[in-house]
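Take a look at the letters that make up each chain.
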Amino acid sequence: MVQRSGAVVVLRLIICATIVPFIMARAAEAQLLNSWEGSTEGWNSQNGAVLVNSASRPGGAKGVTDGTDSLAVTLPNQGYLRWGDRVLEGAALDAVVAAAGSETGIGVVEFDVTYDTSEIPQGTVTYVNHQLAMQTNAGWSQVDITAPTYPQTNGSTDETAHFLLPLSLFGSLSGTSTSVQMLFAASGDWGDGQQATLFYDNLRVSALEPDLNNDNVVNVLDWEIFIENHKQDLSDLSLSDRFSRGDFNVSGVSDFDDYLVFESRYDAINGAGALAAVRGVPEPAALVLAATVFPLFLLRRRRGRVATFLLLVALASAASPQFASGQLLHSFETDTEGWVVADFHVAFPTDPTLSLSSIGATEGVQSLGVTQPEDGFSWDAQVSYGTGSDGYNIFANAVEVGTDLHVLEFDVTFDQASIPQDIFFNASVSVALNSNGGWMQYDNVAEHNELGTTATVPVQIALDGTGANDGAGTLLPASSTGFYQINIGLNGFWGLSPATIYFDNFRITQIATPEVLTLEVDRGTGQVSIKNDATGQSFGIDYYELKSEAGSLSSAGWNSLDAQNVNAVDGSDAGTIAGDSPLEGWDAAGGASANDLTEAFLGGSSNLADNAVLNLGAAFTPGATEDLIFRYRDTTRPDRLAFGEVVYVGEVANLPGDYNGNGVVDAADYTVWKDNFGSTTELTADGNGNSVIDAADYTVWKDNFGNTASAASVTSVPEPVSGWAVLSLAGIAAVLMRRRYSRQ
């Protein structure tokens, strides 16, 4: 964030002093489902658990956070126990469904649990956790309220925990649900044969707004809180505190998913054009200048190009030449590789079966045989990919890059000896793709109707739903879904005898390569820039993130677009400098670190025309691990982050005394010299090149202590160019002369 002028600070203090007396607690917006005043209020006991109103127990009510009573739940044993359920009806059903499908807020369910050590066996207790599930007309979904995502008690402390769960976590629940059953469960370890009692109270649902400062409006003050906490580690905070800092899905970090929530709500709450009103109207010339800043980089020829997209996983095995472009999911060389009989197949006299066969092998020597007991239609086989699996990563990468650019391919073999021929008329295959985003069904993707013949049919299915005849769902990005699934159904007319159809070589193939932005990284200086090398195509971007698992980024060297006031305009604040307040341009995320540098441009964007460059300063540490990931949001595809290309150029400067090669001469280099003193074989610290580590090498280190690679590097001088370069040089001079704003 940028440093604010004194006038801005004073104005904000006046505003806050004016609105503070009128702040209402967000809990007042909640719709109460149960506070258990005098009864169990529709909750039923399961698995031997005993549910009673706490006031009916000896000693009176405990764990009361609303009203006068709570619900006492006595669990007969340790382990996992589903203790109670309630079918929601009337106002309770309406409240949950409305919160789940609210267009005016973020649906959450909240409740309080009290742990009383006199009610929990203390000899062996180690933890107590909870689960909450929703059974709707669309299916079952469950959230495990366990560490580290949610607070966990060891059961040995008297305490009351408040739980807040976004309703979006319950995939089966939506604003169109016609039936809802809530189910609570507890799990814990407090010793065999012993019972424990927990107290529940104040179960409620809310449709909350991203009103982070709780002043009943969503405005620039909330954005300040959001962006300052964006990309911060919030995992140690309570769920309510995470939410109040912009982590709307309470994942432990405020990320792009949460940004989408804030963005979608701002104008929806305040009216169309609210963001534009805050920012003012940009000067057209400003857009042109920003797109042509630092064009000197255009003279550098591209070297060391890396792969266009980050491949999240390696190929499961080497593909044959004709399928080299696909990422292999299954080739069935050793087993059925996760494929199982579909759990919703037609009730034939016997179930479908899966087996391996040499028939229909189009890669390797085996295929998957799917046997249907008789003719007709049935979903027969399915495979599911959970988070972290190779199949999940391959699907997720395709979705991140673009479902319209990828297809699912596989080969189907109809073997005449495996399909009854006496009354054979036809056989076909249907496929469905499923995820938390919905269901897409493709009928008759492979057909065979020639009696007495064998055929292998290649199949290609669009991942974006093009050609799907049923289901309006979409495959979601990896950050939003917990699974991907492929379902195979057989159909045909061959009588009451079983038929087997063979499948092989499931793979996801990229069919088109989009033009993408490039992140150019100079190994020697650490200078980083975003470049548009696409010919005839411009990009509008309003969010980007640089990530490094190894910590190769430099937040100190990063010259953010926020600090440069790129595309900033003066808004309706008290200040008169464009970019001196939030929402007047780019705003840097407060969680900047060696692992993550992120900026967002809420309500606006920067346009990169052909050959345009945005310089980000020395955001890379010279000599560090080259593992940067660059993602950005293209304004033409606002629902996702695109992977950009990362290109490393130049070489790490030969810096005397830098014995560990990290681009700076520091104490770590002394350690390398000391550990190898006297060596004639390990010559990393041979600063004077005499093939032995001796005192002279210490002198080299001492004389250069504090130097960095960027200071030692040499920058080439470009040749004179056209008048555009003169304009750009003027822009450079203006940037260099402008006092850089310090980050708060």
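See the structure above.
Residues numbered from 1 in each chain as written. Predicted model: local features only at pLDDT ≥ 70, side-chain atom pairs only at ≥ 80, totals over all residues. Heavy atoms only, no water.

A. Spatial organisation of the overall build of the protein. When helices and strands are counted, the protein shows 13 helices and 32 strands. Within the protein, counting contacts between residues at least 6 apart in sequence, those at least 24 apart form 77% of the total. With an accessible surface of roughly 31200 Å², the protein has 54% of that area assigned to carbon and sulfur atoms. (Helix = DSSP H or I, 4+ residues; strand = E, 2+ residues; numbered from the N terminus. Contact = heavy atoms within 4.5 Å. Areas by Shrake-Rupley, 256 points an atom, 1.4 Å probe, with all protein chains shown as cover.)

B. Seen up close, the packing of helix 3 (residues 220-229) against helix 5 (residues 256-270). Packing of helix 3 against helix 5 brings their axes to within 12 Å, and their N-to-C directions diverge by 175 degrees. Regarding the angle of helix 3 to helix 5, the classification is roughly antiparallel. Every residue of helix 5 that contacts helix 3 at V220, D222, W223 and F226 is listed here: D258, Y259, F262 and Y266. When the residues that make up the contact of helix 3 with helix 5 are grouped by side-chain class, the tally is 6 nonpolar, no polar and 2 charged. (Axes fitted to C-alpha atoms, helices over the stretch in contact; angles between N-to-C directions. Parallel < 35°, antiparallel > 145°, perpendicular 65-115°, else oblique. Nonpolar A, V, L, I, M, F, W, Y, C, P; charged D, E, K, R; others polar.)

C. Up close: the sheet that holds strand 7 (residues 127-136). In space, the 5 strands of this open sheet follow the order 2-5-10-7-8, with antiparallel pairing throughout. Every other strand in the sheet has two partners, leaving strand 2 (44-45) and strand 8 (139-145) as the edge strands with one partner each. Bridge count for strand 2 against strand 5 (residues 79-87) is 2 bridges, and the pairing is antiparallel. For N44, the partnering residue across the bridge sits in strand 5 and is D85. (Pairing = 2+ DSSP bridges.)

D. Focus on the side chain of R631. Residue position: R631 is located in strand 30 (residues 629-634). With sequence-adjacent residues up to four places away left out, R631 is seen in contact with E400, Y543, Y544, E545, L641, A642 and F643.

E. Examining helix 3 more closely. Burial analysis of helix 3 places 8 of its 10 residues in the buried class, the great majority of the element. N-cap assignment for helix 3: the residue whose side-chain oxygen lies 3.0 Å from the backbone N of L221 is N219. Where helix 3 terminates, the next one or two residues include K231, which has phi positive at roughly 70 degrees. (Buried < 20%, exposed > 50% of the residue type's maximum accessible area, 1.4 Å probe, protein only. Polar contact = N/O pair within 3.5 Å; in protein donor to acceptor, adjacent residues only side chain to side chain.)

F. Seen up close, the environment of D562. Here D562 lies in helix 9 (residues 561-564). It is 9.5 Å that separates the C-alpha atoms of D562 and D580, two residues lying 18 residues apart in sequence.

G. Summary view of the sheet that holds strand 32 (residues 645-649). Strands sit in the order 29-24-23-32 across an open sheet of 4 strands; the sheet is mixed. Across the chains shown, the open sheet's two edge strands, defined by having one partner strand only, are strand 29 (613-615) and strand 32. Across the sheet, the mean angle from the axis of one strand to that of its neighbour is 25 degrees, orientation sign disregarded. Inspection of the sheet shows strand 23 (residues 518-522) paired to strand 32 by 5 bridges, in the parallel sense. From the neighbouring strand, L519 faces strand 32, where its bridge partner is V646.

H. Expanded view of the packing of helix 10 (residues 667-675) against helix 11 (residues 695-703). Running from N to C, helix 10 and helix 11 cross one another at 175 degrees; their axes reach a closest spacing of 10 Å. With respect to each other, helix 10 and helix 11 are oriented roughly antiparallel. On helix 11, the residues touching A667, D669, Y670 and W673 of helix 10 are A695, D697, Y698 and W701.

I. Structural detail: the nonpolar core. Counting residues in each nonpolar core, the largest one holds 73 residues, and the members touching the most others are W83, F111 and Y200. Formed by 42 residues, the second largest nonpolar core is a distinct cluster that contains I461, I488, L490 and A499. (Core = buried A, V, L, I, M, F, W, Y, C linked by side-chain atoms within 4.5 Å.)

J. Looking closely at unusual backbone geometry. Although it is not a glycine, W36 sits at a positive phi angle of roughly 55 degrees. Within the secondary structure, W36 sits in the loop between strand 1 (31-34) and strand 2. A positive phi is found at E41, a non-glycine position, where the angle reads about 50 degrees. E41 sits in the partly exposed class, given a relative accessible area of 23%.

K. Looking closely at the pattern of salt bridges. A full pass over the atoms with the stated rule returns 18 salt bridges. Between R507 and D411 there is a salt bridge; the shortest N-O distance is 3.9 Å. In this pair, R507 is assigned in strand 22 (residues 499-510) and D411 in strand 17 (residues 406-414), connecting sequence segments 96 residues apart. D411 matches R507 in its accessibility class, with the two residues each being buried. By sharing partners, the salt bridges in this structure join K231, E545, K547, D596 and R631 into a single network. (Salt bridge = Lys/Arg side-chain N within 4 Å of Asp/Glu carboxyl O.)

L. Up close: the packing of aromatic side chains. The full count for this structure, using the stated rule, is 43 aromatic pairs. Ring centres of F410 and F503 lie 6.2 Å apart, and the angle between their planes is 45 degrees; this geometry places the pair in the tilted category. Highlighted residues: F410 in strand 17 and F503 in strand 22, separated in sequence by 93 residues. With respect to class, F410 is no different from F503; both count as buried. For the ring pair W673 and Y698, a centre distance of 5.2 Å and an interplane angle of 50 degrees mean the geometry is tilted. (Phe/Tyr/Trp six-rings, centres within 6.5 Å; stacked < 30°, edge-to-face > 60°.)

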